[in-house]
Amino acid sequence: MEPPDAGAELSAGDVVPGGFGWARVAGRVVPLAATGVALYLLMPQLLAVFSAFPRLRAFQPLWYPAMVLLEAASFACVWQLQRIAISGLSWFLSVTSQLVSNSISRIVPGGIAVGGAVQFRMLNRGGCDPAAAGFALTATSMVTTGVVFGLPLVVLPVIAFGQPAPSGLTTIATTGGLAFVLLVIVGVVLAWSDATVRLLARAVGRLARLARRSTPADLPDVLVARRTDVIRSLGKRWPAAVLTAAGKWGLDYLALLAALAGAGQHPRVSLVLLAYVAANVLAMIPITPGGLGFVEAGLTGTLALAGVPAAAAAVSTLAYRLVSFWLPLAAGAPAWVAYRVRYR
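### A short note on the overall build of the chain
Move 1: Helix and strand counts for the chain stand at 14 helices and 2 strands.
Move 2: A separation of at least 24 residues holds for 74% of the contacts in the chain among residues at least 6 apart in sequence.
Move 3: By element, 71% of the accessible surface of the chain is carried by carbon and sulfur atoms, the whole surface being about 17,800 Å².

This is how it looks when you write it as structure tokens:
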């Protein structure tokens, strides 16, 4: 047998020494590199926020328990929203799977997809139908995202007929309103067009084949059937789902107002709402875990546009992120242990 040609080129599917495929290596290295570059560029803003730690001594301590309670209620709205979308879902499974998914999505670069996949597997192991759970999670994600993009519509009349806002925040309000309309259109199309769902299923199948994963041959039919099941399950509960999603964002927004109050700041709530929306849109950028760096930089900047002094904006952002980002992150490990004890 002749030895292989040392100069022969390897294809994307070939393996490199150590048993890793080039595509798999690139899929791991590229996100990590992008995260590293983003954090390097955002490091000055991150340092500015974390350097505010000594100034937390002047933060009014009574606002901390208020922020924690508001964030806990915000997470409870997410758990209830999942129970509305997934028929028969227990509180235990909803709470533990969401907390674990939330922690993973805030640790791993591009973690939204990874966290969603982990929650999908946890729900499947807990007895939920895989396709139905996948569609339900997608539906709840669209509802919650649509609500946060729709929040600027509440402020637009105030800006148009009342007190004007800085041009940067006005742009945020307009962009959020347009994104809300687009999401509504996409949701309606997915809810009523079987052809669109089948097209999406075929696209998922192609991506799975590229990743060397198998998918059922009847995936388009399964997704259409499960989409119909989710819509039927929601039924008249759509208003409750929207109100619950609004409660998730509203309570989190109140936690930000509490952080500002703890720092002795009471700016216009309408402008703070626009700053809040901008920060949450930045958190959706799948480059750094949980939008780390993007949120800190965006929130301090937009709060400054809302009239908050730079030092107070940094303190408020730090206090808010400690309660809304880092505290729930720590809850993931206990939730995973509880889940594993229940579903051995």
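And the narrative resumes.
### Focus on the packing of aromatic side chains
Move 1: A full pass over the atoms with the stated rule returns 8 aromatic pairs.
Move 2: Geometrically, the ring pair formed by Phe92 and Tyr343 is tilted, given 6.4 Å between the ring centres and 45 degrees between the ring planes. Of this pair, Phe92 sits in helix 3 (residues 91–105) while Tyr343 is found in the segment after helix 14 (332–342), placing the two residues 251 residues apart along the sequence.
Move 3: On the numbers, 4.8 Å between centres and 80 degrees between planes, the contact of Phe325 with Trp326 is edge-to-face.
Move 4: Here the aromatic residues Phe92, Trp336, Tyr339 and Tyr343 are joined through ring pairs into a cluster of three or more.
Move 5: Taking the ring centre of Trp249 as reference, the NZ or CZ of Lys248 above it sits at 4.2 Å.
Move 6: Just above the ring of Phe92 sits the side chain of Arg342; from NZ or CZ to the centre is 4.0 Å.

### Notes on the packing of helix 13 (residues 310–330) against helix 14
Move 1: Two elements in contact, helix 13 and helix 14, have axes whose closest approach is 4 Å; the angle formed by their N-to-C orientations is 35 degrees. Residues Pro328, Leu329 and Ala330 of helix 13 lie in contact with helix 14, whose contacting residues are Gly332, Ala333 and Pro334.
Move 2: A per-class count over the contact of helix 13 with helix 14 returns 5 nonpolar, 1 polar and no charged.

### Here's the deal with the nonpolar core
Move 1: Among the nonpolar cores identified, the biggest contains 43 residues, and Met67, Leu151, Tyr276, Leu303 and Tyr320 are the most heavily contacted of them.
Move 2: At the level of secondary structure, the elements contributing two or more residues to this core comprise helix 2 (63–85), helix 5 (130–150), helix 10 (238–262), helix 11 (269–283), helix 12 (294–305) and helix 13.
Move 3: For this core, the element with the highest residue contribution is helix 10, accounting for 10 residues.
Move 4: Excluding residues within four positions of it along the chain, Leu151 makes contact with Trp249, Leu273, Tyr276 and Val277.
Move 5: Within the second largest apolar cluster, 18 residues are counted, among which are Phe75, Ile86, Leu89 and Ala335.

### Focus on the environment of Ala279
Move 1: Looking at the secondary structure, you find Ala279 in helix 11.
Move 2: With relative accessibility at 4%, the residue Ala279 sits in the buried group.
Move 3: Distance in space between the C-alpha atoms of Ala279 and Glu296 is 7.8 Å, their sequence separation being 17 residues.
Move 4: Not counting the four nearest positions on each side in its chain, Ala279 is found in contact with Val295 and Leu299.

### Let's talk about the side chain of Ser316
Move 1: By the secondary structure assignment, Ser316 is in helix 13.
Move 2: One polar contact links the side chain of Ser316 to the main-chain carbonyl oxygen of Ala312, over a distance of 2.9 Å.
Move 3: Once you skip the residues sitting within four places of it in the chain, Ser316 turns out to touch Ala259, Leu260 and Ala263.

### Re the confidence of the model for the chain
Move 1: With 65% of its residues at a pLDDT of 70 or more, the chain shows a mean pLDDT of 75.
Move 2: Note on residues 1–20: pLDDT under 50 across the span, and 17 contacts to partners over four residues away in sequence or across chains.

### Comments concerning helix 12
Move 1: Along its 12 residues, helix 12 runs 16 Å from first to last C-alpha, staying within 8% of the 16 Å computed at 1.5 Å per residue.
Move 2: Along helix 12, the residues that are buried comprise Phe294, Val295, Glu296, Gly298, Leu299, Thr300, Thr302 and Leu303.
Move 3: Positioned one or two residues after helix 12, Gly307 has a phi angle of 100 degrees, which is positive.

What counts and how
Residues numbered from 1 in each chain as written. Predicted model: local features only at pLDDT ≥ 70, side-chain atom pairs only at ≥ 80, totals over all residues. Heavy atoms only, no water. Helix = DSSP H or I, 4+ residues; strand = E, 2+ residues; numbered from the N terminus. Contact = heavy atoms within 4.5 Å. Areas by Shrake-Rupley, 256 points an atom, 1.4 Å probe, with all protein chains shown as cover. Phe/Tyr/Trp six-rings, centres within 6.5 Å; stacked < 30°, edge-to-face > 60°. Lys NZ or Arg CZ within 6 Å of the ring centre and 35° of its normal. Axes fitted to C-alpha atoms, helices over the stretch in contact; angles between N-to-C directions. Nonpolar A, V, L, I, M, F, W, Y, C, P; charged D, E, K, R; others polar. Core = buried A, V, L, I, M, F, W, Y, C linked by side-chain atoms within 4.5 Å. Buried < 20%, exposed > 50% of the residue type's maximum accessible area, 1.4 Å probe, protein only. Polar contact = N/O pair within 3.5 Å; in protein donor to acceptor, adjacent residues only side chain to side chain. pLDDT = per-residue confidence, 0-100. Expected span 1.5 Å × (residues − 1).

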